[in-house]
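Residue-level structure breakdown
Chain by chain, the residues:
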Amino acid sequence: QVQLVESGGGLVEAGGPLRLSCTASGRTFSPNAMGWFRQLPGKQRELVARITSGSTTNYADSVKGRFTISRDNAKHTVYLQMNSLKPEDTAVYYCNWRRKEPYYDGMDYWGKGTLVTVSP
């Protein structure tokens, strides 16, 4: 089992920055990928950014150039630095942990989510 605790959500004006953090605990010793997803009411959860324990990253096209994902393996923590925020970035952001390929076993672990609200 892996537990995830997120922090850093809140209200920010358009164009401003915000930084999310997520710390994993439990059975985190496998090669893994940590990431951030977001979800709007009535919509599917979508990948925002992901980073592996080897620091390979991938981003949704909508956030490339504005968001940066990073991690501190010693602290089992992943960060999402969000710059130039837009009202359409408003969503609940969820932290995700999974074993990375080829070790992925179909199990995804999720945090409880943190709300990011971007005002016009």
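Above this text you will find the structure in question.
Only a predicted model underlies this, so the values are computations on that prediction, with no experimental measurement involved.

A closer look at the pairing of strand β11 (residues 114–119)
Residues Thr 114, Val 116 and Val 118 of β11 are buried on one face, while the alternating residues Leu 115, Thr 117 and Ser 119, pointing to the opposite face, are not. Pairing geometry for strand β2 (residues 10–13) and β11, over four bridges, is parallel. Across the sheet, Val 12 pairs through a bridge with Val 118, a residue of β11. Of the strand pairs in this sheet, strand β9 (residues 91–99) and β11 are connected by three bridges, and their pairing is antiparallel.

Comments concerning the environment of Gln 3
Tracing the chain through its elements places Gln 3 in strand β1 (residues 2–7). Classification of Gln 3 as partly exposed rests on a relative accessible area of 39%. Between the C-alpha atom of Gln 3 and that of Ser 25, which follows or precedes it by 22 residues, the distance is 5.2 Å. Contacts of Gln 3, omitting those with residues within four sequence positions, involve Thr 23, Ala 24, Ser 25 and Gly 26.

Looking at the side chain of Arg 38
Tracing the chain through its elements places Arg 38 in strand β4 (residues 32–39). Within the local environment of Arg 38, its side chain forms a polar contact with the side chain of Glu 46, the two groups lying 2.8 Å apart. A polar contact is formed between the side chain of Arg 38 and the side chain of Ser 62, at a distance of 3.4 Å. Other than its neighbours up to four places away in sequence, Arg 38 contacts Gln 44, Arg 45, Glu 46, Val 48, Ser 62, Val 63, Phe 67, Asp 89, Ala 91, Val 92 and Tyr 93.

Section: unusual backbone geometry
The phi angle of most residues is negative, glycine excepted, and most peptide bonds adopt the trans form. Glu 101 connects to Pro 102 through a cis peptide bond whose omega is 0°. With respect to the secondary-structure elements, Pro 102 resides in the loop between β9 and β10 (109–110). The residue Ser 84 is not glycine, and still its phi comes out positive at about 50°. In this fold, Ser 84 is placed in the loop between β8 (77–82) and β9. Ser 84 sits in the partly exposed class, given a relative accessible area of 42%.

Some words on the nonpolar core
Core analysis: the largest hydrophobic core is formed by 27 residues, its most contacted members being Leu 4, Trp 36, Leu 80, Met 82 and Tyr 93. Listed by contribution, the elements that provide at least two residues to this core are β1, β3 (18–26), β4, β5 (46–52), β7 (67–72), β8, β9 and β11.

Brief notes about the pairing of β7
Going residue by residue along β7, you find Phe 67, Ile 69 and Arg 71 tucked away on one face and Thr 68, Ser 70 and Asp 72 left uncovered on the opposite face. Relative to β8, β7 runs antiparallel, the two sharing six bridges. By the bridge assignment, Ile 69 is partnered in β8 with Leu 80. Linking two consecutive strands that pair antiparallel, namely β7 and β8, is a turn of four residues; a positive phi of about 50° is found at His 76 within it.

Calculation notes
- Residues numbered from 1 in each chain as written.
- Predicted model: local features only at pLDDT ≥ 70, side-chain atom pairs only at ≥ 80, totals over all residues.
- Heavy atoms only, no water.
- Buried < 20%, exposed > 50% of the residue type's maximum accessible area, 1.4 Å probe, protein only.
- Helix = DSSP H or I, 4+ residues; strand = E, 2+ residues; numbered from the N terminus.
- Pairing = 2+ DSSP bridges.
- Contact = heavy atoms within 4.5 Å.
- Polar contact = N/O pair within 3.5 Å; in protein donor to acceptor, adjacent residues only side chain to side chain.
- Core = buried A, V, L, I, M, F, W, Y, C linked by side-chain atoms within 4.5 Å.

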